[in-house]
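Structural overview
The lines below spell out each chain.
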Amino acid sequence: YSAIRGMLGTLDPHSSFFDPKEYAQVRERQEGRYYGLGITIAAIDGDIVAQSVFEGSPAYKNGVRRGDVIARIAGEDAKGWTTEQAMVKLRGPKGTNVRIEIKRRGYEQPIPLEVTRDEVHILTVPSYFMVDATTGYIHMKDFGENTDREVKAGLRDLTKQGMKREHFDA
């Protein structure tokens, strides 16, 4: 893999090589869906922290909040884990359960939760709204296989609200 990456780096600055794990992550982002809890996590000072919780996701429905520390996953202490280690445990087949314990500021005891994994949609157009009576605003966060449908849906909805001009933020 290192030889391939080195060769590509000298031949073409626009080409990339992905190992199977990296390719799976790219495809997941392009397809805009995966099976899990619906949170973005980060490893901060040895803790796995919920950076964001997707609205309507299993985590959202179970009350997980941004800033919660996921202290235990499937009965294991998650202290010192990488985000990759945590993702492997949090994701899984649709309809399966995962037990987690979260630590939340203001609570002395960890909060135990059992969350059922489900399909999580990653929106590339997380929001759109009317700025004024005639201007619609569409926030496009990323590009993926569903971006065209999400933009079209936003444009249709904003047109119904009286949009004559649009502003895209990508």
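Above this text is the structure in question.
Residues numbered from 1 in each chain as written. Predicted model: local features only at pLDDT ≥ 70, side-chain atom pairs only at ≥ 80, totals over all residues. Heavy atoms only, no water.

**As for the pattern of salt bridges**
- A complete count under the given rule lists four salt bridges for this structure.
- A salt bridge links Asp 47 to Lys 79; its shortest N-O distance comes to 2.9 Å. Taken together, the residues Asp 47 in strand S3 (residues 47-53) and Lys 79 in the loop between strand S5 (76-77) and helix H4 (83-90) connect sequence positions 32 residues apart.
- Assessed through its relative accessible area of 23%, Asp 47 is described here as partly exposed.
- For Lys 89, the salt bridge identified is with Glu 76, shortest N-O distance 2.8 Å. (Salt bridge = Lys/Arg side-chain N within 4 Å of Asp/Glu carboxyl O. Helix = DSSP H or I, 4+ residues; strand = E, 2+ residues; numbered from the N terminus. Buried < 20%, exposed > 50% of the residue type's maximum accessible area, 1.4 Å probe, protein only.)

**Looking at the side chain of Asp 68**
- Locating Asp 68 in the fold gives a position in the loop between helix H3 (58-61) and strand S4 (69-73).
- Here Asp 68 falls in the buried class, since its relative accessible area comes to 2%.
- Side-chain polar atoms of Asp 68 contact the side chain of Arg 104, separated by 2.7 Å. (Polar contact = N/O pair within 3.5 Å; in protein donor to acceptor, adjacent residues only side chain to side chain.)

**Some words on the environment of Gly 63**
- For Gly 63, the position within the fold is in the loop between H3 and S4.
- Its relative accessible area of 33% is what places Gly 63 among the partly exposed residues.
- In the structure, Gly 63 is positioned 20 residues away from Ala 43 in sequence and 20 Å away in space, judged by C-alpha atoms.
- Apart from the residues within four sequence positions on either side, Gly 63 is in contact with Asp 68 and Arg 104. (Contact = heavy atoms within 4.5 Å.)

**Observations concerning the nonpolar core**
- Among the nonpolar cores identified, the biggest contains 20 residues, and Ile 39, Val 64, Ile 70, Ile 73, Leu 90 and Ile 100 are the most heavily contacted of them.
- Mapped by element, the contributors of at least two residues to this core are strand S2 (39-44), S3, S4, H4, strand S6 (97-103) and strand S7 (111-116).
- In this structure, Val 64 is in contact with Ile 39, Ala 50, Val 53, Ala 59, Ile 100, Arg 104 and Leu 113, ignoring residues within four places of it in sequence.
- Val 125, Ile 138, Val 151 and Met 163 belong to the second largest nonpolar core, which has seven residues in total. (Core = buried A, V, L, I, M, F, W, Y, C linked by side-chain atoms within 4.5 Å.)

Remember that the coordinates give geometry; whether it matters functionally is a separate question.
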